[in-house]
Amino acid sequence: MTQAEIKLCSLLLQEHFGEIVEKIGVHLIRTGSQPLRVIAHDTGTSLDQVKKALCVLIQHNLVIYQVHKRGVVEYEAQCSRVLRMLRYPRYIYTAKTLYSDTGELIVEELLLNGKMTMSAVVKKVADRLTETMEDGKTMDYAEVSNTFVRLADTHFVQRCPWVPATENSDPGPPPPAPILVISEKDMYLVPKLSLIGKGKRRRSSDEDAAGEPKAKRPKYSTDNKEPIPDDGIYWQANLDRFHQHFRDQAIVSAVANRMDQTSSEVVRTMLRMSEITTPSTDPFTQPLSSNEIFRSLPVGYNISKQVLDQYLTLLADDPLEFVGKSGDSGGGMYVINLHKALGSLATATLESVVQERFGSRCARIFRLVLQKKHLEQKQVEDFAMIPAKEAKDMLYKMLSGNFISLQEIPKTPDHAPSRTFYLYTVNILSAARMLLHRCYKSIANLIERRQFETKENKRLLEKSQRVEAIIASMQATGAEEVQLQEIEEMITAPERQQLETLKRNVNKLDASEIQVDETIFLLESYIESTMKRQ
Amino acid sequence: MEEYGACQGLKSSWPSGRGLAREWVGPTGWDRNKALRPRGGRSAVLQRWNAYPSARAFCLHPFLAGRHFGCTVLPKPRDLVSRTNPMAGSQGRGRAAYTFNIEAVGFGRGEKLPDVVLKPPPLFPDTDYKPVPLKAGEGEDYMLALKQELRETMKRMPYYIETPEEKQDIERYSKRYMKVYKEEWIPDWRRLPREMMPRKKCKKAGPKSEKVKDTGKGASLTNTADVLKKIEELEKRGDGEKSDEENEEKEGGKEKNQEGDEEDDDAAEQEEYDEEEQEEENDYINSYFEDGDDFGADSDDNMDEATY
């Protein structure tokens, strides 16, 4: 794990789970697999707190445990999973676009809680939805269950590995840690539950008295004494499926940008058809015949068979090679080259970064070297039609930025520098890795800056929160306009200005984080796909 | 070539013109044998390498660190003009000369090259081009709002473990009203290693974990006997015990039995527990004297009053 990744993980864990969990988590990421006592000793925290922190981390699938010989249980952190926490808003938003509010809330609950049973999810989501509905209406459990089942069918949620039901004839002491198993076919199997009920609206009177909520809430959660029907069957969000969806979205939008709407629809249809048949890590999808594609086009699209064929031929001939033709049976067998598509997307990202950092002439040189693979200094100047001095300058700028590298080809066996060719080349994989590392650093910087800004204005923020609370309570009890204005004036105009600036800055920083994360996704997918092929 | 021997790995990253190796011209002119063998062996080579901080610094420049550096390092330009024969490796140190044809990399002879940078790049470098504005749209706005909302929600979840703050000198009145009430979260102990379970004697959420363990393990039959014994013991010891204390002890005992480890803490904990229990159970001070003891006879020297 690089330092940048560790720093980013540390910031994310601290924001979401607090300092203690962050300390333990970062220690595990740094040092790898360790048993409980060693962790407590090395981090200097009490055993009790280490246990709590590990429970939280295991619950959220950030740490896994393994039983080694002699009964020692070792805990290992999953750094890449910690980095996924950046992407939670994107997952939730995707669920919203696909399955509307119910789906969105289901995925949100699963992501916030790590793992949950289906009944718990349904209940919570129904309660939340009921609160947003108008008075008198409630959300039925059945509807939420239906959405849950649909999410499971399309593999967006999956079951967690479970404790195998062992017979009680097991002699001897129980194992130090349960070995969790999972089988492929059971992963999306929804238990037969008959969840009947409606969402409960939380009464606003619960929150009035300060002392009461504490007493009331624990009782509320242990309200139902009846046994949970699907006890032990936990569900989690299937992040890989979301990633597959993002990848498909990226490919479709790339095709739409390059060609037109109809071709992007064709590609989207092809991707949809291969969702279940092709595992997401394959370099290309299963071949689809033109007839099948024609039959599966969305209903609104009525293009004729010939037009479809023309589109497919056009797509297959495109130099970007998103779609390839693999045979002629069935009207032409077409595949989508997933690996090549990801490569093109990563390359486009690199090109755009070079353009924005160094200018468009640099970008021209970069694209030139990409296209021609290896070029000498002189050839670069000639092909790019840029004066020698500037070309040199730009090349060396890109060289020091590690976008371009030098390849030496010796003419003589003694590698004498005077008798060696030096060729400029772009190694996409290493440039992608370099950019990815930079992205991690950027996000860490963004988060730090945001925390700094918030800390600077902490006093002001608290004051404004209090004022808002006062205004809200006064409005609830029906106060006059004059009184409200008086309270609002507690915050002076320059303070208001300061708050506005703070809000704008924090929004900008947050939005930047989300967008850098999109780049991270593209680069990571490309690197993963390339590594799988080697 | 084999003559290189020890320096084979270094040959492409050597600074040029340090009189180190292959291009070395001795006083008798080009002496191939002498040239191909590095003077002094590998350690000497490394010493000489280390003696030229500028060249090293250039090589280890953060931008270039870690790259396979194919071409030789560009040396200091100051002696460029005076060099007529770049191949004439120096007889001394610190003379910059190129061992390769400078034309090949694109610089003309006599050209002013930029200075060697000897320090890390600035912390906030100036950028020539300003960044492109962020994407704006419905989706992006929604995700932004979601992100901020999630951040707030996470702080209120039971998974957010707060650091215990150090005691402030003055206890603020408003602190009482700003506490966030969090739900208690109990993990499913069946899915976790056994060592995860806390071993405290009293747990607020004891009854819940008890229930979970009951439905899960179903091994409570063996423990009820122990529990009953313990309850009897406790009944003998204490009279004014509250019922919840009893409950706590019950699961405390149950937990310890279920874990079944022979750890020393258990015994120690039980002992401590007993002491505390005894202390709490009655209202009498431990140091109470019975009648007849010498009460205060040797304690207060200046006491004039009579004792009663």
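About the thresholds
Residues numbered from 1 in each chain as written. Chains lettered and ligands numbered in written order. Predicted model: local features only at pLDDT ≥ 70, side-chain atom pairs only at ≥ 80, totals over all residues. Heavy atoms only, no water. UniProt positions renumbered as here; feature names shortened; annotations may be inferred. Helix = DSSP H or I, 4+ residues; strand = E, 2+ residues; numbered from the N terminus. Contact = heavy atoms within 4.5 Å. Areas by Shrake-Rupley, 256 points an atom, 1.4 Å probe, with all protein chains shown as cover. Expected span 1.5 Å × (residues − 1). Buried < 20%, exposed > 50% of the residue type's maximum accessible area, 1.4 Å probe, protein only. Phe/Tyr/Trp six-rings, centres within 6.5 Å; stacked < 30°, edge-to-face > 60°. Pairing = 2+ DSSP bridges. Axes fitted to C-alpha atoms, helices over the stretch in contact; angles between N-to-C directions. pLDDT = per-residue confidence, 0-100. Core = buried A, V, L, I, M, F, W, Y, C linked by side-chain atoms within 4.5 Å. Domains from an automatic or database assignment. Parallel < 35°, antiparallel > 145°, perpendicular 65-115°, else oblique. Left-handed = near helix turned anticlockwise from the far one by under 90°. Nonpolar A, V, L, I, M, F, W, Y, C, P; charged D, E, K, R; others polar. Salt bridge = Lys/Arg side-chain N within 4 Å of Asp/Glu carboxyl O. Lys, Arg positive; Asp, Glu negative; His and termini not counted. Polar contact = N/O pair within 3.5 Å; in protein donor to acceptor, adjacent residues only side chain to side chain.

- You'll find chain B entered in an unreviewed UniProt entry as DNA-directed RNA polymerase III subunit RPC7 isoform X1, with Zalophus californianus given as the organism.
- UniProt, in the comment section headed Sequence similarities (unreviewed entry), describes chain B in these words: "Belongs to the eukaryotic RPC7 RNA polymerase subunit family."
- Checking UniProt for chain B, the heading Subcellular location (unreviewed entry) contains the comment "Nucleus".

- Under the annotation held in an unreviewed UniProt entry, chain A carries the name DNA-directed RNA polymerase III subunit RPC3 and is attributed to Odobenus rosmarus divergens.
- Per UniProt, chain A carries the Subcellular location (unreviewed entry) text "Nucleus".
- UniProt lists a comment for chain A under the heading Sequence similarities (unreviewed entry), and it reads "Belongs to the eukaryotic RPC3/POLR3C RNA polymerase subunit family."

**Notes on the overall build of chain B**
Phase 1: A count of helices and strands for chain B gives nine helices and two strands.
Phase 2: When the elements of chain B are put in sequence order from the N terminus, they spell out β-β-α-α-α-α-α-α-α-α-α.
Phase 3: Across chain B, the fraction of contacts at a sequence separation of at least 24, relative to all contacts at a separation of at least 6, is 59%.
Phase 4: Working note: accessible area of chain B is about 21200 Å², and carbon and sulfur atoms make up 51% of it.

**Quick look at helix α8 (residues 141-153) of chain A**
All names here are of chain A.
Phase 1: Compared with an ideal rise of 1.5 Å per residue, which puts 13 residues at 18 Å, α8 spans 18 Å between its outermost C-alpha atoms and is within 8% of the ideal.
Phase 2: Those residues of α8 that are buried are in contact with α6 (88-113), α7 (118-132), β5 (157-159) and β6 (234-237).
Phase 3: One or two positions beyond α8, positive phi appears at His 155, with a value near 70°.

**Notes on helix α4 (residues 47-59) of chain A**
Residue and element names in this part refer to chain A.
Phase 1: Taking 1.5 Å as the rise per residue, α4 with 13 residues should run 18 Å; its terminal C-alpha atoms sit 18 Å apart, in good agreement.
Phase 2: Of all the residues in α4, the buried ones are Val 50, Lys 51, Ala 53, Leu 54, Cys 55, Val 56, Leu 57, Ile 58 and Gln 59.
Phase 3: The elements touched by buried residues of α4 are α1 (3-17), α2 (19-31), α3 (36-43), β2 (63-67), β3 (73-77) and α6.
Phase 4: Count one or two residues on from α4 and you reach Asn 61, which has phi positive near 60°.

**Some details on the packing of aromatic side chains**
How two aromatic rings sit relative to each other is set out by the distance from centre to centre and by the angle between their planes.
Residues and elements named next belong to chain A.
Phase 1: Here the structure, examined in full by the defined rule, presents ten aromatic pairs over all chains.
Phase 2: Consider the rings of Tyr 88 and Tyr 91, whose centres lie 6.4 Å apart with planes at 45°: the pair is tilted. Note that Tyr 88 and Tyr 91 are positioned in helix α6 at a spacing of three residues, about one turn of the helix. This pair shows no difference in class: Tyr 88 is buried, exactly as Tyr 91 is.
Phase 3: Between Phe 358 and Phe 403, the ring centres sit 5.8 Å apart and the planes meet at 85°, which makes this aromatic pair edge-to-face. Of this pair, Phe 358 sits in helix α14 (residues 338-358) while Phe 403 sits in the loop between α17 (388-400) and β11 (405-410), placing them 45 residues apart in sequence.
Phase 4: Given a relative accessible area of 14%, Phe 358 falls into the buried group.

**A short note on the sheet that holds β2(A)**
Hydrogen bonds between backbone groups are what pair the strands of a sheet, and the pairing can be parallel or antiparallel.
Residue and element names in this part refer to chain A.
Phase 1: Taken in spatial order, the three strands make up an open sheet running β1-β3-β2, and their pairing is antiparallel. If you trace the sheet from one side to the other, it starts and ends with β1 (34-35) and β2, each paired once.
Phase 2: Pairing of β2 with β3 involves five bridges; the strand directions are antiparallel. From the neighbouring strand, Val 67 faces β3, where its bridge partner is Val 73.
Phase 3: Of the strands in this sheet, β2 and β3 are in contact with α4, which crosses β2 at around 105°.

**Looking at the confidence of the model for chain B**
All names here are of chain B.
Phase 1: In the predicted model, chain B carries a mean pLDDT of 58, and the fraction of residues at 70 or more is 26%.
Phase 2: Mean pLDDT across the elements of chain B bottoms out in helix α6 (residues 206-217) (41) and peaks in helix α5 (residues 138-156) (93).
Phase 3: When the criterion is pLDDT under 50, residues 54-92 qualifies, and its contacts beyond four places in sequence or with other chains add up to 85 contacts.
Phase 4: Here residues 239-280 is modelled with pLDDT under 50, and outside its nearest four sequence neighbours on either side it reaches 52 contacts, counting other chains as well.

**Quick word on the sheet that holds β5(A)**
Residues and elements named next belong to chain A.
Phase 1: The strand order β4-β6-β5 describes an open sheet built from three strands, whose pairing is antiparallel. With partners counted over all chains shown, the strands left at the sheet margins are β4 (116-117) and β5, one partner each.
Phase 2: Here β4 pairs with β6 via two bridges, running antiparallel. The residue bridging Met 116 from the neighbouring strand is Trp 235, located in β6.

**Focus: the environment of A:Gly330**
Residues and elements named next belong to chain A.
Phase 1: As for its position among the elements, Gly 330 is in the loop between β8 (323-327) and β9 (333-336).
Phase 2: Overall, the relative accessible area of 33% leaves Gly 330 in the partly exposed class.
Phase 3: Sequence separation of Gly 330 and Thr 412 is 82 residues, and the distance between their C-alpha atoms is 56 Å.
Phase 4: Apart from the residues within four sequence positions on either side, Gly 330 is in contact with Ser 289, Ser 290 and Asn 291.

**Details of the nonpolar core**
Phase 1: If you look at the biggest cluster of nonpolar residues, it comprises 125 residues, and the most contacted ones within it are A:Leu8, A:Leu54, A:Tyr75, A:Trp235, A:Ile365, A:Phe366 and A:Ile404.
Phase 2: Per-element tally for this core: the top contributor is helix α18 (residues 428-456) of chain A, with twelve residues.
Phase 3: Not counting the four nearest positions on each side in its chain, A:Leu54 is found in contact with A:Ile24, A:Leu28, A:Leu36, A:Ile39, A:Val63, A:Tyr75 and B:Met196.
Phase 4: Grouped together as the second largest cluster of nonpolar side chains are 24 residues, A:Met270, A:Leu271, A:Leu308 and A:Ile336 included.

**Concerning the domain arrangement of chain A**
Phase 1: In terms of domains, chain A is made up of domain 1 (3-77), domain 2 (101-165 + 178-201 + 232-237), domain 3 (240-336), domain 4 (341-426) and domain 5 (432-474 + 497-530).
Phase 2: The gap between the C-alpha centroids of domain 2 of chain A and domain 5 of chain A is 30 Å.

**Things to note about the packing of α18(A) against helix α21 (residues 493-533) of chain A**
Residues and elements named next belong to chain A.
Phase 1: Axis separation between α18 and α21 bottoms out at 9 Å; the angle between their running directions is 155°. Between α18 and α21, the angle falls in the class roughly antiparallel. Every pair of crossing elements has a handedness; the one defined by α18 and α21 is left-handed.
Phase 2: Looking at side-chain class alone, the contact of α18 with α21 contains 19 nonpolar, five polar and eight charged residues.

**Quick word on the pairing of β9(A)**
Residues and elements named next belong to chain A.
Phase 1: Burial of the side chains of β9 extends over both faces: Met 333 and Val 335 are buried on one face and Tyr 334 and Ile 336 on the other.
Phase 2: Pairing between strand β7 (residues 288-289) and β9: two bridges, direction antiparallel. Paired with Ser 289 across the two strands is Met 333, which belongs to β9.
Phase 3: Relative to β9, β8 runs antiparallel, the two being bridged by four bridges. When the sheet's bridge partners are listed, Gly 324 is paired in β9 with Val 335.

**Observations regarding the pattern of salt bridges**
Phase 1: Taken as a whole and judged by the stated rule, the model has 31 salt bridges over all chains.
Phase 2: Residue A:Arg258 is joined to A:Asp318 by a salt bridge in which the shortest nitrogen-to-oxygen separation is 3.0 Å. Of this pair, A:Arg258 sits in helix α10 (residues 239-258) while A:Asp318 sits in the loop between α13 (305-317) and β8, and the two are 60 residues apart along the sequence.
Phase 3: One salt bridge in this structure joins B:Lys147 and A:Asp510, with 3.5 Å as the shortest N-O distance. Of the two residues, B:Lys147 is situated in helix α5 and A:Asp510 in helix α21; the pairing between them involves two chains. Accessibility assignment for this pair places B:Lys147 and A:Asp510 in one class, buried.
Phase 4: Each of A:Glu15, A:Arg450, A:Asp510, A:Glu513, B:Lys147 and B:Arg151 takes part in one network of salt bridges that share partners.

**Details of the environment of A:Asp260**
Phase 1: Tracing the sequence through the fold places A:Asp260 in the loop between α10 and α11 (261-273).
Phase 2: Spatially, the C-alpha atoms of A:Asp260 and A:Glu19 are 50 Å apart, while their sequence positions differ by 241 residues.

**Considerations on the side chain of A:Lys51**
Phase 1: The residue A:Lys51 is located in helix α4 in this model.
Phase 2: For A:Lys51, which is buried and forms no salt bridge, the nearest opposite charge comes from A:Asp48, at a distance of 5.9 Å.
Phase 3: From its side chain, A:Lys51 meets the backbone oxygen of B:Glu195 in a polar contact 3.5 Å long.
Phase 4: If sequence neighbours within four positions are ignored, A:Lys51 has contacts with A:Leu36, B:Glu195, B:Met196, B:Met197, B:Pro198 and B:Arg199.

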